[in-house]
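So the chains spell out like this:
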Amino acid sequence: MLKEFKKVTAIYRACSNLNEQIKQIEAVNSVSPLTSEEWHKLYFPACGNCDIALFKWLQKSGAKINYDAASLLKWTVSRQQYGQEAIMKQVEIIKLIIEELSEDKAQIMGQALLTACGFNCIDCAFLLIKSGADISVVNEGLFPFGNGTYIW
């Protein structure tokens, strides 16, 4: 199965045509059904490329955002987007992820907020704050300051 899944992920790199990507994913899934983890991993290229159509298709196809929503949200806000259209697509995908969050919503958005601020993604940061991100979240493990605390 891993070999087949690698073929699917390679399609993202080789093909920007949504219909072709979907056809390839469906072909692999019909031979050997994708696991929940594999379906979830397919979100990452869609989020990184701000591909709203592919993202929505994955949702309709049963890929679960909550498999690892924290990583998916942090990945999405860490992608540097240039141009207003790309930024607006990125914000739209973040909204779609937030709608699917269930447990620890404020905490997950708080961690994503730290990432958005670190990557200077102002539109993403505003959206996360407006959506209820926990602004008191601290990221322990990065950038130590004299007293042993860590900030991002």
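Data block above holds the structure.
Residues numbered from 1 in each chain as written. Predicted model: local features only at pLDDT ≥ 70, side-chain atom pairs only at ≥ 80, totals over all residues. Heavy atoms only, no water.

## Comments concerning the pattern of salt bridges
Applying the stated criterion across every chain yields a total of 2 salt bridges. Glu85 is paired through a salt bridge with Lys89; the nearest N and O atoms lie 3.6 Å apart. Of this pair, Glu85 and Lys89 both sit in helix 7 (residues 84-100), 4 residues apart, which is roughly one turn of that helix. A residue is classified by how much of its surface remains accessible, and Glu85, at 59% relative accessible area, is exposed. (Salt bridge = Lys/Arg side-chain N within 4 Å of Asp/Glu carboxyl O. Helix = DSSP H or I, 4+ residues; strand = E, 2+ residues; numbered from the N terminus. Buried < 20%, exposed > 50% of the residue type's maximum accessible area, 1.4 Å probe, protein only.)

## Considerations on the packing of helix 8 (residues 105-118) against helix 9 (residues 122-130)
One can describe the packing of helix 8 onto helix 9 by two numbers: an axis separation of 9 Å at closest approach and a directional angle of 160°. The angle between helix 8 and helix 9 places the two elements in the roughly antiparallel class. Regarding helix 8 and helix 9, the two cross each other, and that crossing is left-handed. Facing helix 8, whose interface residues are Met109, Ala112, Leu113, Ala116 and Cys117, helix 9 presents Cys124, Ala125, Leu128 and Ile129. When its residues are assigned to classes, the contact of helix 8 with helix 9 shows 9 nonpolar, no polar and no charged. (Axes fitted to C-alpha atoms, helices over the stretch in contact; angles between N-to-C directions. Parallel < 35°, antiparallel > 145°, perpendicular 65-115°, else oblique. Left-handed = near helix turned anticlockwise from the far one by under 90°. Contact = heavy atoms within 4.5 Å. Nonpolar A, V, L, I, M, F, W, Y, C, P; charged D, E, K, R; others polar.)

## Observations regarding unusual backbone geometry
Residues other than glycine seldom take positive phi values, yet Cys50 does so here, at roughly 55°. Secondary-structure assignment places Cys50 in the loop between helix 4 (43-48) and helix 5 (52-60). Its identity as a non-glycine residue notwithstanding, Asn120 has a phi of 60°, on the positive side. Note that Asn120 resides in the loop between helix 8 and helix 9. In this structure Asn120 comes out as exposed when scored by relative accessible area, which is 58%.

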